[in-house]
Amino acid sequence: MAMAVEFKTYVDQACRAAEEFVNIYYETMDKRRRALTRLYLDKATLIWNGNVVTGLEALANFFDMLPSSEFQVNMLDCQPVHEQATQSQTTVLVVTSGTVKFDGNKQHYFNQNFLLTAQTTANNTVWKIASDCFRFQDFWSISSSNRNLCELLIHFIVEAFL
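Reading guide: rules and limits
Residues numbered from 1 in each chain as written. Predicted model: local features only at pLDDT ≥ 70, side-chain atom pairs only at ≥ 80, totals over all residues. Heavy atoms only, no water. Pairing = 2+ DSSP bridges. Helix = DSSP H or I, 4+ residues; strand = E, 2+ residues; numbered from the N terminus. Axes fitted to C-alpha atoms, helices over the stretch in contact; angles between N-to-C directions. Contact = heavy atoms within 4.5 Å. Buried < 20%, exposed > 50% of the residue type's maximum accessible area, 1.4 Å probe, protein only. Lys, Arg positive; Asp, Glu negative; His and termini not counted. Salt bridge = Lys/Arg side-chain N within 4 Å of Asp/Glu carboxyl O.

Participant: Account for the sheet that holds strand E1 (residues 40-48), with residues named and values stated.
Facilitator: Strands in a sheet are paired, the pairing made by backbone hydrogen bonds, and the direction either parallel or antiparallel. Spatially, 6 strands are ordered E2-E1-E6-E5-E4-E3 in an open sheet, and the strand pairing comes out mixed. Either end of the sheet is taken by a strand with one partner, and the two such strands are strand E2 (51-54) and strand E3 (69-81). Taking the axes of each pair of neighbouring strands and ignoring which way they run, one obtains an average angle of 20 degrees across the sheet. Summarising the sheet, strand E5 (residues 107-120) and strand E6 (residues 125-136) pair through 11 bridges and their orientation is antiparallel. Residue pairing across strands places Gln 119 opposite Val 126, the latter belonging to E6. The sheet contacts of helix H2 (residues 56-65) involve E1 and E2, and relative to E1 the element is tilted by about 45 degrees.

What follows is the structure, given as structure tokens:
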């Protein structure tokens, strides 16, 4: 029973850290983008709709290219990653989804996954992004061949229930 209580405490701590991180991340993305790279490890990797960006300088250049944004997070989930999978580094998986509107563009649904690692100093613990994967989730943003397949499947499903 003690092991279950200990794990629940670990999960609760991870969720509090994830909620705080998400608030800081999206506020920084929308309002202070030049400071965003401070949230990443030096060798962090971002995958943005399939495009890989690695390292702080490349991340800074990438974020500078993006138009101003308005993110709305509708869902947040998190879980601690087992220390056997992370060489005993305290790590949390954070999953978010919501909507984003980039200046001059239509609103998109998005999904974003972060792997956060705890960076502990003598004074405190700071969570840094080791890996970040962002994807638009709009139905119409998928390739035309996949969209045709999806439309065909939807048609068959509707027909089956009529």
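Next, the rest of the story.
Participant: Outline the side chain of Asp 132, supporting the account with residue identities and numerical values.
Facilitator: Secondary-structure assignment places Asp 132 in strand E6. An unpaired buried charge is present at Asp 132: no salt bridge exists, and Arg 135, the closest side chain of opposite charge, is 11 Å distant. Excluding its chain neighbours within four sequence positions, the residues that come into contact with Asp 132 are Tyr 25, Tyr 40, Thr 45, Leu 46, Ile 47, Gln 112, Asn 113 and Phe 114.

Participant: Let's hear about the environment of Thr 45: which residues, and what values?
Facilitator: Counting through the fold element by element, Thr 45 comes out in strand E1. We classify Thr 45 as partly exposed; its relative accessible area is 24%. Taking the C-alpha atoms as reference points, Thr 45 and Leu 56, 11 residues apart in sequence, are found 9.0 Å from one another. Contacts of Thr 45, omitting those with residues within four sequence positions, involve Val 52, Val 53, Thr 54, Ala 130, Ser 131 and Asp 132.

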